[in-house]
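A closer look at the structure
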Amino acid sequence: MTSPDTPGSPGARRGGVPLRAWTRSVLLLLGGVLATVLLVLADQLIAAIAVAVFSLFMAYWTSPLRSGPHVPLETALARRADDVAIILWAPGNPLSARLQTAIRGERDDVVWVNVYQDPRAQQLLTEHGGAAAVPLVIVGDQVTAAATVAQMLEMQEAGRRRAAGDG
């Protein structure tokens, strides 16, 4: 039995991106188009242009088109340790976006795995609750589904203590 999250299933698009991953982007784009049309009809051209540009940007930012950082899951799991956080994330997922905003730039202690680009990552995600588990954070032997920034930072700190032998 295949789920809509399974690559090749009727509910998935090329690359294993589920159709529901596009929902937020499409709604933002449609709302932006509607607001732009209303502003044009009200002869507010500058505001219409601003809303159109902002809507396009937000539709892109929340879509699976924004690929972001990615390391194959096998490579990430080879680095699994108490002092390394492996984050399975999905473009367009609000919690994933918050983690990426909080953890900027390349860091040696964080490995990002885009679940839409890695079928093995999708399988691991399914084992931990499916799409509702994004972002899935792995630090050593600890795994947290739908992790918040605070949870991820707590996991990293606990992992650093374990790696240093402090408990």
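Residue numbering note: each chain is counted from 1, following its sequence as written. Since the coordinates come from a predicted model, pLDDT governs what is reported: local features require at least 70, and pairs of side-chain atoms require 80 or more to be given and counted, while whole-chain, interface and lining totals use all residues. Where side-chain values are given, they derive from all heavy atoms of the structure, hydrogens and water being excluded.

With that settled, consider unusual backbone geometry. Look at the link from Val134 to Pro135: it is a cis peptide, with omega at -5°. One non-glycine residue, Asp43, lies in the positive phi region at around 60°. Counting from the N terminus, the helices are the DSSP runs of H or I reaching at least four residues and the strands are the DSSP runs of E reaching at least two. Topologically, Asp43 is positioned in the loop between α1 (23-41) and α2 (45-61). Given a relative accessible area of 65%, Asp43 falls into the exposed group. With a phi angle near 50°, Ala146 is a residue other than glycine that sits in the positive phi range. Structurally, Ala146 is set in the loop between β4 (142-144) and α6 (149-164). The buried label goes to any residue with under 20% of its type's maximum accessible area, the exposed label to any with over 50%, and the partly exposed label to all in between, with areas taken from a 1.4 Å probe on protein chains only.

Bringing the confidence of the model for the protein chain into the picture now. pLDDT gives the predictor's per-residue confidence on a scale running from 0 to 100. Looking at the protein chain, the pLDDT average stands at 87 and 90% of residues meet or exceed 70. The lowest-confidence element of the protein chain is helix α4 (residues 94-102), averaging 89 in pLDDT; the highest-confidence one is strand β3 (residues 136-139), averaging 96. Note on contacts: a residue pair is in contact if any heavy atoms of the two residues lie within 4.5 Å. This model gives residues 1-14 a pLDDT under 50, and the stretch forms 22 contacts once residues within four places in sequence are excluded.

Further remarks concern the pattern of salt bridges. In the sections that follow, a salt bridge refers to a side-chain nitrogen of Lys or Arg positioned within 4 Å of a carboxyl oxygen of Asp or Glu. Here the structure, examined in full by the defined rule, presents six salt bridges. For Asp109, the salt bridge is made with Arg160, and the minimal N-O distance between the two is 3.1 Å. Separated by 51 residues along the polypeptide, Asp109 in the loop between α4 and β2 (110-114) and Arg160 in helix α6 bring together distant segments of the chain. On the basis of relative accessible area, Asp109 is assigned to the buried category, the value being 15%. On the accessibility criterion, Arg160 (35% relative accessible area) is partly exposed.

The subject of this paragraph is the layout of surface pockets. There is about 370 Å³ of room inside the largest pocket. Looking at the largest pocket, it is lined by 19 residues, and the ones nearest its centre are Pro69, Ile103, Gly105, Glu106 and Trp112. The set of elements that each furnish at least two residues to the lining of the largest pocket consists of α3 (73-78), α4 and β2. Considering every element that reaches the lining of the largest pocket, the biggest residue donor is β2, with three residues. The method works on a 1 Å grid over the protein atoms by themselves. A cavity is a set of points holding a 1.4 Å probe that cannot get out, a pocket is an open set with protein on both sides within 12 Å along at least five of seven lines, and residues with an atom within 4 Å of a point line them. Grid points are joined across faces, edges and corners, and a volume is the space filled by probe spheres set on the points.

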